Amino acid sequence: MSDPVTLLKKAKEAGKKVVGFYCVFAPQELILAAGALGFSLCATKEEPIADGEKSLPRNFCPLIKSSYGFAVTDKCPYFLYSDLIVGETTCDGKKKMFELMSDFKPVHVMKLPQSYLDDNDKAYWLSEVEKLKTVLETTLDAKITEEGLVQAIRILNEERLLMQELAGLMKADPVPVTGQDLLKLMWGRNFVFDRAQFAEQMKEMISDVKEIIASGKGAFPKGAKRVIVTGVPTGVGAEKVLKIIEDCGAAVVYIENCAGMKQFVTLVDESKPPMEAIAEKYLNTPCSCMSPNPRRMEYLGQLVEDYRADGVVDIVWQGCHTYNVESRIVKDFLKKNSKTQFLHIETDYSQGDAEQIKTRVQAFLEMMN
Amino acid sequence: MEVNKKIVAGIDAGSTTVKVTLYDGTRMESWLGLAGWNPRAEATALLQQAVVNWGTDLDGLAYVIGTGYGRVNLPFVSKSMTEITCHAKGGSFLYPGVGTVIDIGGQDAKAIRVDGNGKVTDFIMNDKCAAGTGRFIQVIANALGLDVVGMLQLELLPGEEVCTINSMCTVFAESEVIGLLNQGHSRQAIMAGIYQSIASRIIAMAATICPEAPVVFTGGVSQNVCLCAALENKLNMPVIVPDKAVFAGAIGAALYAWDEVTK
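In this text the structure is predicted, and so the values were computed from the model without any measurement.

**Some remarks on the overall build of chain A**
Next, step 1: Assigned secondary structure in chain A consists of 15 helices and eight strands.
Next, step 2: For 369 residues, the compact-globule formula gives about 21 Å, and the C-alpha radius of gyration of chain A, at 20 Å, lands near that figure.
Next, step 3: Its C-alpha atoms give chain A principal-axis dimensions of about 60 × 45 × 45 Å.
Next, step 4: Counting across all 369 residues of chain A, residues that qualify as buried make up 48%.
Next, step 5: The contacts of chain A with a sequence gap of at least 6 include a subset with a gap of at least 24, amounting to 72%.

**Description of the packing of helix α6 (residues 187–206) of chain B against helix α7 (residues 225–235) of chain B**
Residue and element names in this part refer to chain B.
Next, step 1: The geometry of α6 relative to α7 is characterised by a closest axis approach of 9 Å and an angle of 50 degrees between their N-to-C directions. The angle between α6 and α7 falls in the class oblique. For the pair α6 and α7, the crossing hand works out as right-handed. Across the interface between the two elements, Tyr 195, Gln 196, Ile 198, Ala 199, Ser 200, Ile 202 and Ile 203 from α6 touch Cys 226, Leu 227, Ala 230, Leu 231, Lys 234 and Leu 235 from α7.
Next, step 2: When grouped by side-chain class, the residues that make up the contact of α6 with α7 number ten nonpolar, two polar and one charged.

**Remarks on the sheet that holds strand β6 (residues 100–104) of chain B**
All names here are of chain B.
Next, step 1: Pairing is mixed across the open sheet formed by five strands, whose spatial order is β8-β7-β6-β9-β10. The open sheet is flanked by β8 (120–125) and β10 (239–240), the only strands paired with a single partner.
Next, step 2: Across two bridges, the pairing between strand β9 (residues 215–218) and β10 is parallel. When the bridges of β10 are listed, Val 215 appears paired with Val 239.
Next, step 3: Packed onto the sheet, α6 meets β6, β7 (109–114) and β8 and runs at close to 40 degrees relative to β7.

**So, helix α14 (residues 321–337) of chain A**
Next, step 1: Taking 1.5 Å per residue, 17 residues should reach 24 Å; α14(A) reaches 25 Å between its end C-alpha atoms and fits that length.
Next, step 2: On its buried side, α14(A) packs onto β5 (226–231), α13 (294–306), β7 (311–317) and β8 (341–347) of chain A.

**Quick word on the nonpolar core**
Next, step 1: One finds Ile11(B) and Ala254(B) to be the most contacted residues of the largest nonpolar core, which totals 194 residues.
Next, step 2: Every residue in contact with Ala254(B), bar those within four places of it in the chain, is listed here: Val8(B), Ala9(B), Gly10(B), Thr21(B), Leu22(B) and Tyr23(B).

Parameters and conventions
- Residues numbered from 1 in each chain as written.
- Chains lettered and ligands numbered in written order.
- Predicted model: local features only at pLDDT ≥ 70, side-chain atom pairs only at ≥ 80, totals over all residues.
- Helix = DSSP H or I, 4+ residues; strand = E, 2+ residues; numbered from the N terminus.
- Rg over C-alpha atoms; globule rule 2.2 N^0.38 Å.
- Buried ≥ 20, exposed ≤ 12 C-beta atoms within 10 Å, placed from the backbone.
- Contact = placed C-beta atoms within 7 Å.
- Axes fitted to C-alpha atoms, helices over the stretch in contact; angles between N-to-C directions.
- Parallel < 35°, antiparallel > 145°, perpendicular 65-115°, else oblique.
- Left-handed = near helix turned anticlockwise from the far one by under 90°.
- Nonpolar A, V, L, I, M, F, W, Y, C, P; charged D, E, K, R; others polar.
- Pairing = 2+ DSSP bridges.
- Expected span 1.5 Å × (residues − 1).
- Core = buried A, V, L, I, M, F, W, Y, C linked by C-beta atoms within 7 Å.

Right, dumping it as structure tokens:
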């Protein structure tokens, strides 16, 4: 396979438009229906943070600083080749960062409501999704048809079902693959050029993992402690805590956050009018920026049962106030509704606190004995 | 040499000191040494001294558990466990029925909820900064020209007001203290302010685990009676410092080692 830069160049030469986004709130069906390639942009590496800090406060979360650092230095090829960036107001830091970004790139920011529960918020979000449709059509000089949307919904729903199937295989004991490998498998979806080919690759991976299960082998010995990871996105490059958990001998059996399954657990309802159904699916994302966020609790409660989790680790980036505060709610909820152990870890992308985190994680695992 | 009895050891290799506890089911003894720049060598030397004093040799140890920061780098250990688990066990051995263990060592602080068996049910640990730890006190005492003993001999004059220290970052707090000295504040007023600020920070951290009495204070900093009083005051609960509180981690490790050879 060619490197991303070559693939991007070729696609652009062939007249393809590219849309970059950062967040699972960005309605990917619209990008696909506009005939464009959609990519999730780089934001999970430590290296560009120093460049991000030239314009942003140091006490911002590492994700915002990393994404901005990548963007401003042209180190993210997907950003470089994007015709449009779709941003979103998931936090104050990001929304102000997008203002700076719009100085050197076309950026459209979708303004999220504060809740997914109220009807007026739902109606408002639908209007934001409709606005994005117009922006995409104008910027990309494309027409988004109802038929195109229906097809895009079908393609992405199939991917979601494949991701659900893959994640579901982690219920096995012994756990077939490490959580870190699972993350890499899911991460590939951020950079897909050919969706049909990607779906085929997914199916192959699923059958490979099924073979591992059938052989009775696994990435960890049978009976290894089972941990669910939740909280902020822990993408490839920012999987420090996942690695520490697995180095300590426990299996990460489920990644609930945005780098993992959060975007795949609900489908777009194919029986409803496409725009309405798309708006509904994306607004239902159980992100801590929503207030209140009961869906995350209900969902975690179910996951703990389904995946027979011994513990839940809530990872929070320094400076992410909403996830940091919500951690108390998660802790209380799990204490009340399950027997699972809970650990809150606040960190960033650096390795400076790896030993301290290791001590916490080991103590957490020792609590389960 | 008592040949029929199994002897186990717990080694707590902390950031500042190394502690060794030997145990044979009835007899228990503990030793302490400085960690220095080579904690592995210091721990080895201390363990050797301990076995000689006990009347055995290294081969006479049936099981050795290492804990503390240096646990990953200790020779002779059969297994390593975290200081969180060991302090809970040790704290509950030193004070049976303990509900919460507060352990403050050279470079970290922890609050641990403990069940009736000395098992951890919840814990919280300070993040990577040194605020509220032994190192913090050391840096400030140094700026005030005080040593560990001198620090505890300070007393407020009648009617003297305690200084308020706002910075919790060790480096910033040092600057703040120097500023206060230059404004003419006394060392005792500044040091009392430091204890207040550390106690506030520890109590705020511990609030997450809902501390339950009785509270036992362990680790090197437990020997600081002034900080202990400040903790009691802020927590509004008695804070117990058992004899051997400094050894709680090593004792816990030795007890877990004993479990290993008797299970």
